[in-house]
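Residues per chain are reported as follows:
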Amino acid sequence: MVINIGFNKKKLGVAVIGSGRIGTHRARLAALHSAVTYLVVGDINEEAAKKLADLTNASRYSTDALSLINDPRVDVVIVSTPEDAHAFSVEAAINAGKSVLVEKPLALTIEDGDRLANLAREKGVDLRIGYSQRFLQKYFVARDEISRGKIGPILGGMTRVYNTRTNMLAILKRCPEATPILDIITYNVDYIGWCLGPDVVPVEVQAMGYGTVFRDQGYDVDDISLTMVKYSTGAVFSFDICYALPGGFPTTGQSVRMEIMGRDGVVLIDDDHRDQILYTEHGYENAYAKDQKLNLAFLGSRSSGEWADGQMFGRIADETREWLDSQSTGAKCHLTTAEEARQTLKVTLAMGVASETGQPIPLANI
Ligand SMILES: NC(=O)c1ccc[n+]([C@@H]2O[C@H](COP(=O)([O-])OP(=O)(O)OC[C@H]3O[C@@H](n4cnc5c(N)ncnc54)[C@H](O)[C@@H]3O)[C@@H](O)[C@H]2O)c1
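Residues numbered from 1 in each chain as written. Predicted model: local features only at pLDDT ≥ 70, side-chain atom pairs only at ≥ 80, totals over all residues. Heavy atoms only, no water.

(A) Fine view of the domain arrangement of the chain. Each domain of the chain was delimited in the assignment, giving domain 1 (12-130) and domain 2 (137-306 + 345-362). A separation of 25 Å is found between the C-alpha centroids of domain 1 and domain 2. With 15 residues of domain 1 at the contact, the number on the domain 2 side is 14 residues. For the pair domain 1 and domain 2, the two sides together bury roughly 1,300 Å², of which 60% comes from carbon and sulfur. The three residues of domain 1 that bury the most area against domain 2 are R21, K104 and L108, which together make up 44% of that side's buried surface. One salt bridge connects D183 with K104, and the closest N-O pair in it is separated by 3.3 Å. Where domain 1 meets domain 2, there are three residue pairs in polar contact (both at pLDDT 80 or more). Taken together, the elements giving at least two residues each to the side of domain 1 that touches domain 2 come down to helix 1 (21-32) and helix 5 (110-123). Taken together, the residues that form the side of domain 1 that touches domain 2 break down as six nonpolar, four polar and five charged. (Domains from an automatic or database assignment. Contact = heavy atoms within 4.5 Å. Buried area = accessible area lost by both parts, 1.4 Å probe. Salt bridge = Lys/Arg side-chain N within 4 Å of Asp/Glu carboxyl O. Polar contact = N/O pair within 3.5 Å; in protein donor to acceptor, adjacent residues only side chain to side chain. Helix = DSSP H or I, 4+ residues; strand = E, 2+ residues; numbered from the N terminus. Nonpolar A, V, L, I, M, F, W, Y, C, P; charged D, E, K, R; others polar.)

(B) Structural detail: the packing of aromatic side chains. For the structure shown, the criterion picks out eight aromatic pairs. Pairing Y131 with Y187 gives two aromatic rings, centres 6.1 Å apart and planes at 90°, and the pair type is edge-to-face. Taken as a pair, Y131 in the loop between strand 6 (127-130) and helix 6 (137-147) and Y187 in helix 8 (residues 180-196) lie far apart in primary sequence, 56 residues in all. In this structure, Y131 and Y187 share a single accessibility class: buried. With a centroid separation of 6.3 Å and an interplanar angle of 35°, the aromatic rings of F237 and F239 are classed as tilted. Note on F237: relative accessible area 2%, which makes it buried. Looking at F239, the relative accessible area reads 0%, which means it is buried. Each residue in the set F135, Y139, F140, Y191 and W194 is aromatic and connected to the rest through ring pairs, giving one cluster. Its end group placed over the ring of Y288, R21 keeps NZ or CZ at 4.3 Å from the ring centre. Between R28 and the ring centre of W307, over which it is positioned, the NZ or CZ distance is 3.6 Å. (Phe/Tyr/Trp six-rings, centres within 6.5 Å; stacked < 30°, edge-to-face > 60°. Buried < 20%, exposed > 50% of the residue type's maximum accessible area, 1.4 Å probe, protein only. Lys NZ or Arg CZ within 6 Å of the ring centre and 35° of its normal.)

(C) Expanded view of the site of the ligand. Taken together, 25 residues are adjacent to the ligand, and I22, D43, E83, K104 and S132 come closest. At 2.9 Å from an oxygen atom of the ligand is found a side-chain nitrogen or oxygen belonging to R21. A distance of 2.8 Å separates an oxygen atom of the ligand from a polar side-chain atom of E83. Bound to the protein, the ligand loses 86% of the 850 Å² it would expose on its own. Listing elements by their share of the shell around the ligand, those giving two or more residues are helix 1, helix 8 and helix 10 (315-329). (Near = heavy atom within 4 Å. Areas by Shrake-Rupley, 256 points an atom, 1.4 Å probe, with all protein chains shown as cover.)

Here is the structure:
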């Protein structure tokens, strides 16, 4: 591969809408990026926007997302609001003709997903979705080997992800419609779709679930969901989740296992984080529950990544840098496209229906 020093490196003005956990990572990374010469941040909570503006030395902050998105000095927009608020800012940015990076999932309904994907295509706007799991080295490199035929045609496999009920309750508080399937299994559906390639489509979904932990807290959400997808090649994958582990379990983010079987090989990814332990008498902070202090922690299990001495490591860091690089230079961008995200949304919505009805859901004309 050619490293092109001749890239025209464009300066960028960036707006970050949503100044919470992920918006803060994105804005801090943008502030450190050499192409970014103008940064504005927003939030419906003025205090949150001001705090992030102070932290990043942003040029301005506002509670009015439209004033930031339509600022003529802003070239590209990052939407890091809760799931149910994505559509508003994404649509405004597309209408302003500005490239968008929005957090996953693209939307929570097929109608919104279709509308945003179609609008971006019509307006010729580059709309990307932050399925950051792609950007963990172990997944990115495995997919590269798969795309070069190293395991042959994919037969199928399994993915499963654990996390604590503490974190899931924080997610449900942020957005009660963000179920473990729509909000978390979505990463693995995106990743397997990426490995299978653009010509392979999901054709059928089956699912079962059970739960009492979240129902006891007032959320009609299963604690454990076991789901399966059949693809157009005949490949079959299971996508399982339990985000109801007791709060003291040492993970502070996704603990993942992934196994992909091919005709000529296999990829096994251990992403449980059990290889990196911290025991402390002074408490390890959970990003989702600041008042929770673990004594025993899987270090590195914070899904989005880690800040250490002013630098960020991990998936959000690599993803944000690649997106800003590609916006500045035109270099290849590996973030999920609107069309891929729309397809993933349909699969995860169908998993919810399959689980409720106990019936297989065909995905014709997806
Ligand atoms: N890629 C990853 O690793 C990863 C990890 C966690 C969350 N996420 C995604 O990031 C998004 C945000 O999650 P979070 O954990 O940062 O949530 P958060 O609650 O910490 O932050 C969201 C912020 O958006 C603000 N907000 C709400 N509605 C708004 C609106 N209409 N306009 C402007 N601001 C608004 C809130 O006040 C809050 O400050 C979600 O879509 C989530 O799925 C991605």
